[in-house]
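Report on the structure
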Amino acid sequence: IGHGFTAGPGFSYSMWEALRQRSGAFAGTLAWYARDVTLARGAESEAGRALYAGGDFFQTLGVGAAQGRVFTAPDDVRGGPPVCVVSYRYWQRHLGGSLQTIGTVLHVDGVAVTIIGVASRGFDGLEVGPSFDIALPLGPELSIGGPSAAVFQPRVALLLVMVRLRTGQSIE
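These notes cover the structure that comes with them. (Residues numbered from 1 in each chain as written. Predicted model: local features only at pLDDT ≥ 70, side-chain atom pairs only at ≥ 80, totals over all residues. Heavy atoms only, no water.)

Relative to strand β2 (residues 44-53), strand β1 (residues 28-41) runs antiparallel, the two sharing ten bridges. Paired with R35 across the strands is A50, a residue of β2. Counted between consecutive antiparallel strands, the loop separating β1 from β2 contains two residues, among which G42 sits at a positive phi close to 65°. Pairing of β2 with strand β7 (residues 134-137) involves four bridges; the strand directions are parallel. Residue pairing across strands places A53 opposite P137, the latter belonging to β7. (Pairing = 2+ DSSP bridges. Helix = DSSP H or I, 4+ residues; strand = E, 2+ residues; numbered from the N terminus.)

Right, let's get into the nonpolar core. What tends to happen in soluble globular proteins is that the nonpolar side chains get buried as a cluster. Grouped together as the largest cluster of nonpolar side chains are 25 residues, with contacts concentrated most on Y52, V86, V108, I134 and L136. When sequence neighbours within four positions are dropped, the list of residues in contact with I134 reads L39, R49, A50, L51, C84, V85, V86, L106 and V108. (Core = buried A, V, L, I, M, F, W, Y, C linked by side-chain atoms within 4.5 Å. Buried < 20%, exposed > 50% of the residue type's maximum accessible area, 1.4 Å probe, protein only. Contact = heavy atoms within 4.5 Å.)

A word on the side chain of D75. Along the polypeptide, D75 turns up in the loop between β3 (65-68) and β4 (83-86). On the accessibility criterion, D75 (14% relative accessible area) is buried. Among the polar contacts listed, one links the side chain of D75 to the side chain of R69, at a separation of 2.8 Å. The contacts of D75, once residues within four sequence positions are left out, are R69, V70, V83, I116, P137 and P140. (Polar contact = N/O pair within 3.5 Å; in protein donor to acceptor, adjacent residues only side chain to side chain.)

Our focus in this paragraph is unusual backbone geometry. You will see that D109, though not glycine, has its phi angle at about 50°, which is positive. Mapped onto the fold, D109 is located in the loop between β5 (105-108) and β6 (111-119). The partly exposed category is assigned to D109, whose relative accessible area is 34%.

In short, the description is geometric, and any link to function would need to be established separately.
As C-alpha cells, then:
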C-alpha cells in the first residue's frame, strides 16, 4: 500500500480524525468500512455484515430512521457504549419488523450492542454488492474489537472517506 501502511484501501483512523477537524471547508464528511461479524440474539447466531461509520454518516447522507433514531456524533466516542442501527431488510427478515426492537440487545462478536434504530427502507449502504445488516459508530469498535481493533491501528488504512461540497463549491 506504500508509505509504511500495512493494509487497507483508504484512510487510517488518525488521518480521518485530522480531516474531520479540518472539515469546515465541506458541507459534510463521512468515513466507513465494513466487515463480517457474528450476530446473535439469545441462542441463535448467524454471520452478518457490519458497517462501521463516523458519527455524522447518516446525517451527511441525509438518511433517517424508519424506527427509533440513527446514530450521531455524540454516539461516536472511543470506547463508548456500543449502539447500532439495523438495516430495514435485517429488521424485517430477522427481527420480524417488530416495533419492540428499539432498545433491545444484539450481540456482535459476543459483545452486547443496543439497537437504537432501523435505517430507512431502501438504504443498503454505500458499497455496490453486499448490503449491511447493522451499522455501528466507529468509536465503540474498541469495545467490540478490543485494543487491537484494526481500525485504530495507526498503520492500517481501512476507512473509505467521502466529503460533501458546500452549495456552489466546485471540486477545483
